[in-house]
Amino acid sequence: MGDRSVRVRPDDLAWRQTGDEIVVLDLAASVFHALNASGALMWERLADWTTAGELAGELVSRYRLSAAAAARDVARFLKACADAGLLDIRPEP
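Summary of the structure given here. Predicted model, so just to flag it, every value in this text is computed and none were measured. (Residues numbered from 1 in each chain as written. Predicted model: local features only at pLDDT ≥ 70, side-chain atom pairs only at ≥ 80, totals over all residues. Heavy atoms only, no water.)

### Some remarks on the side chain of Thr51
Turning to its location among the elements, Thr51 is positioned in the loop between helix 1 (37-45) and helix 2 (52-63). The contact partners of Thr51, leaving out residues within four places of it in the chain, are Asp3, Arg4 and Ser5. (Helix = DSSP H or I, 4+ residues; strand = E, 2+ residues; numbered from the N terminus. Contact = heavy atoms within 4.5 Å.)

In structure tokens, the structure reads:
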């Protein structure tokens, strides 16, 4: 995905925060997704267009991860969300 802008798909998704976790329901696919605290942080940031670099910066700031570890975690998270059809990806200019 590189550093293209991404966001949560704006339709057919519902989510609720419970403590520091988020549960997402994909209404179109009738599938639940449970996100841990770091996943919830990224999900909240994905409500508006953001980039992998910005998400990694959030993880570094919040959890004091190394930049490399944060980049790997974000890449895995975004790939899982994209594979599940949960994201909009802004086309490259």
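Back to the text.
### Overview of the pairing of strand 3 (residues 21-26)
Where burial is concerned, the two faces of strand 3 differ: the one with Ile22, Val24 and Asp26 is buried and the one with Glu21, Val23 and Leu25 is not. With 6 bridges joining them, strand 2 (residues 13-18) and strand 3 adopt antiparallel strand pairing. Bridge pairing in strand 3 links Trp15 to Val24. Counted between consecutive antiparallel strands, the loop separating strand 2 from strand 3 contains 2 residues, among which Gly19 sits at a positive phi close to 70 degrees. Examined bridge by bridge, strand 3 and strand 4 (residues 31-35) share 5 bridges and lie antiparallel to one another. (Buried < 20%, exposed > 50% of the residue type's maximum accessible area, 1.4 Å probe, protein only. Pairing = 2+ DSSP bridges.)

### Comments concerning the packing of helix 1 against helix 2
Running from N to C, helix 1 and helix 2 point in directions that differ by 135 degrees, and their axes come no closer than 10 Å. Between helix 1 and helix 2, the angle is such that the two are oblique. The crossing of helix 1 and helix 2 is right-handed. Residues Ala37, Ser38, Leu41, Met42 and Arg45 of helix 1 lie in contact with helix 2, whose contacting residues are Leu55, Glu58, Leu59, Arg62 and Tyr63. By residue class, the composition of the contact of helix 1 with helix 2 is 6 nonpolar, 1 polar and 3 charged. (Axes fitted to C-alpha atoms, helices over the stretch in contact; angles between N-to-C directions. Parallel < 35°, antiparallel > 145°, perpendicular 65-115°, else oblique. Left-handed = near helix turned anticlockwise from the far one by under 90°. Nonpolar A, V, L, I, M, F, W, Y, C, P; charged D, E, K, R; others polar.)

### Focus: the pattern of salt bridges
Once their charged atoms are close, side chains differing in charge can pair, the charge on each being opposite to the other. Across all of its chains, the model carries 7 salt bridges by this definition. Note that Asp26 and Arg9 form a salt bridge whose closest N and O atoms lie 3.0 Å from each other. Here Asp26 is found in strand 3, whereas its partner Arg9 is found in the loop between strand 1 (6-8) and strand 2, with 17 residues between them in sequence. Neither residue differs from the other here; Asp26 and Arg9 are each classed as buried. Of the charged contacts in the structure, one is a salt bridge between Asp73 and Arg76, with a shortest N-O distance of 2.5 Å. (Salt bridge = Lys/Arg side-chain N within 4 Å of Asp/Glu carboxyl O.)

### A look at helix 1
The complete set of buried residues in helix 1 reads Gly39, Ala40, Leu41, Met42 and Trp43. Among the structural elements, strand 1, strand 2, strand 3, strand 4, helix 2 and helix 3 (67-83) are those in contact with the buried residues of helix 1.

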